[in-house]
Amino acid sequence: MSSKSQAAQAGQALWAKMPKANAELFALTYGSLVTELVRDYEDPIEVNAQLDRIGHSIGVRCVDEFLSKADVAGMGLTTQCQNLRDTAEVVAKMGFKMFLGIQAEVGAFSQDQRCFSIYLQDNPLSTFVELPEDDPSGGEDLRRLKYSNLYCGVIRGALEQVNLKVDCNIVRDTLKGDELNEIRVELKEVLADGAGDDYKEE
Amino acid sequence: MSSPILFVIVGKNEPLFEAEIDTHTGTTGGNDLSTRQNYFVLHSALDLVEKSAWTTNSMYLRVVDKVNHQQVSTFLTAGNIKFMLLHGGKGEEVVRSFFNEVYGYYVKLSMNPFYKYDTPITSLAFENRVRAAARAYLC
């Protein structure tokens, strides 16, 4: 479909313009962040929640950068996303490409068109990472840790800024033995455009 | 012919990794007595490793000790972790290539944020890679 390849091409062009960082440094920084969180909170479920919150902050800022850069470059956003499918394409082909340089695929749209999946073949955050084996002495079960949960937060935060309330979950993870990483995104509701209660007229 | 090869990684205070490779079958093996003897030989060579570390500025320390018909070769990583190999007279270049390959795997392992430096290595992937390298180079 032409919109797909348009998004992919736009993503490629945006990625070319972004300043780059060393991939190993990036992965190691994220790794130390996660291990520090694990040391502090100990419970992997709590760590997942914290990663989601951190991702949320990042996403809220990423979406502004994305929209401004894409606008300036004058590419692909002349038409707004008409439906969730377009949004999914933009997030995967342009968003992930622009910030991480990776090619993400979308798929598995649900019947009611309110859910979709993003597939990541390689995950730059989990370079060199191996989840430790279960600790038989009853230490934290790190199998329940969602190492890349940051992505879920980023997607949630970014889409929240454009009035789409979504729930994101990692359903397949290469660190746990699956062949690829899959993030399931479900649209909860489309928020009404508004500046929030604080600014309502008295 | 089937002289077992013992590979040990020693950290600051304790051994971090041990693998006994039987050249004949290419797997773990060997009876208990000779295994214990081999460990003893390797650990007693540690003092000699310290000594010869000061004589050269390369990481590969070649053969540091000879006991009966066996030799102990050592490789020092940049962080002073010692890779020691107890073998029955393998060529120096072969041992050097083996050590370099294991060093590569060790560096990748230490990049894992969940692996704490200078702690025992429990990763199965690492063990499999080391055994494969041993089979490739030393058998």
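Residues numbered from 1 in each chain as written. Chains lettered and ligands numbered in written order. Predicted model: local features only at pLDDT ≥ 70, side-chain atom pairs only at ≥ 80, totals over all residues. Heavy atoms only, no water.

Caption draft 1: Representation of the overall build of chain A within the structure. Summing up its helical and strand segments, chain A has five helices and four strands in all. Here chain A holds 202 residues, and 43% of them are scored as buried. (Helix = DSSP H or I, 4+ residues; strand = E, 2+ residues; numbered from the N terminus. Buried < 20%, exposed > 50% of the residue type's maximum accessible area, 1.4 Å probe, protein only.)

Caption draft 2: Structural detail: the packing of helix α3 (residues 92-110) of chain B against helix α4 (residues 124-138) of chain B. Residues and elements named next belong to chain B. Where α3 contacts α4, the two axes come as close as 10 Å, and the packing angle between them is 165°. In terms of their interaxial angle, α3 and α4 are classed as roughly antiparallel. Here α3 runs over α4; the crossing is right-handed. Note on element contacts: α4 touches α3 through F126, R129, V130, A133, A134, Y137 and L138, opposite V94, S97, F98, E101, V102, Y105, Y106 and L109. A class-by-class count of the residues in the contact of α3 with α4 yields twelve nonpolar, one polar and two charged. (Axes fitted to C-alpha atoms, helices over the stretch in contact; angles between N-to-C directions. Parallel < 35°, antiparallel > 145°, perpendicular 65-115°, else oblique. Left-handed = near helix turned anticlockwise from the far one by under 90°. Contact = heavy atoms within 4.5 Å. Nonpolar A, V, L, I, M, F, W, Y, C, P; charged D, E, K, R; others polar.)

Caption draft 3: Up close: the interface of chain A and chain B. Taken together, the contacts link 16 residues of chain A with eight residues of chain B. In terms of surface lost to chain B, no three residues of chain A exceed T35, F128 and E130 of chain A, which account for 52% of the buried area on that side. Counting across the chain A and chain B interface gives zero salt bridges. If you look at where chain A meets chain B, you find two residue pairs in polar contact (both at pLDDT 80 or more). (Buried area = accessible area lost by both parts, 1.4 Å probe. Salt bridge = Lys/Arg side-chain N within 4 Å of Asp/Glu carboxyl O. Polar contact = N/O pair within 3.5 Å; in protein donor to acceptor, adjacent residues only side chain to side chain.)

Caption draft 4: Expanded view of the state of the cysteines. Residues and elements named next belong to chain A. Scanning all chains against the criterion turns up zero disulfides over all chains. For C62, which is in no disulfide, the shortest distance to another cysteine sulfur is to C168 and amounts to 14 Å. On the accessibility criterion, C62 (16% relative accessible area) is buried. Cysteine C168 is unpaired, with the sulfur of C152 as its nearest cysteine sulfur at 5.4 Å. Here C168 falls in the buried class, since its relative accessible area comes to 10%. (Disulfide = S-S within 2.5 Å.)

Caption draft 5: Fine view of the pattern of salt bridges. With the rule as written, the count across this model stands at 14 salt bridges over all chains. Across the salt bridge formed by E92 of chain B and R62 of chain B, the nearest N and O atoms sit 2.4 Å from each other. Taken as a pair, E92 of chain B in helix α3 and R62 of chain B in strand β3 (residues 60-67) lie far apart in primary sequence, 30 residues in all. E92 of chain B gets classed as partly exposed once you look at its relative accessible area, which sits at 32%. Residue R62 of chain B is classed as partly exposed on the basis of its relative accessible area, which comes to 38%. One salt-bridge network, held together by shared partners, links E89, K93 and E105 of chain A.

Caption draft 6: Main features of the side chain of S148 of chain A. Considering the arrangement of structural elements, one finds S148 of chain A in the loop between β2 (115-120) and α5 (149-161). Apart from the residues within four sequence positions on either side, S148 of chain A is in contact with Y30, N123 and I170 of chain A.

Caption draft 7: Representation of the sheet that holds strand β3 (residues 164-172) of chain A. Residue and element names in this part refer to chain A. Read across the sheet, four strands follow the order β1-β2-β4-β3 without closing on themselves; strand pairing throughout is antiparallel. With partners counted over all chains shown, the strands left at the sheet margins are β1 (104-107) and β3, one partner each. Strand-to-strand twist in this sheet, taken as the mean axis angle between neighbours without regard to direction, amounts to 25°. Alignment of β1 against β2, held across four bridges, turns out to be antiparallel. Residue G107 lies in a different strand from β2, and its bridge partner there is S117. Sitting on the sheet, α5 is in contact with β2, β3 and β4 (181-190), with an inclination near 165° to β3. (Pairing = 2+ DSSP bridges.)

Caption draft 8: Spotlight on the environment of H43 of chain B. Residue and element names in this part refer to chain B. Take H43: it is sitting in helix α1 (residues 32-44). Take H43: its relative accessible area is 32%, and that puts it in the partly exposed class. For H43 and V10, which are 33 residues apart along the polypeptide, the C-alpha to C-alpha distance reads 9.1 Å.

Caption draft 9: Quick look at the confidence of the model for chain B. Residue and element names in this part refer to chain B. With 92% of its residues at a pLDDT of 70 or more, chain B has an overall mean of 85. Ranking the elements of chain B by mean pLDDT puts α1 last, at 82, and α3 first, at 92. Predicted as a complex, the structure gets a pTM of 0.83 and an ipTM equal to 0.77. (pLDDT = per-residue confidence, 0-100.)

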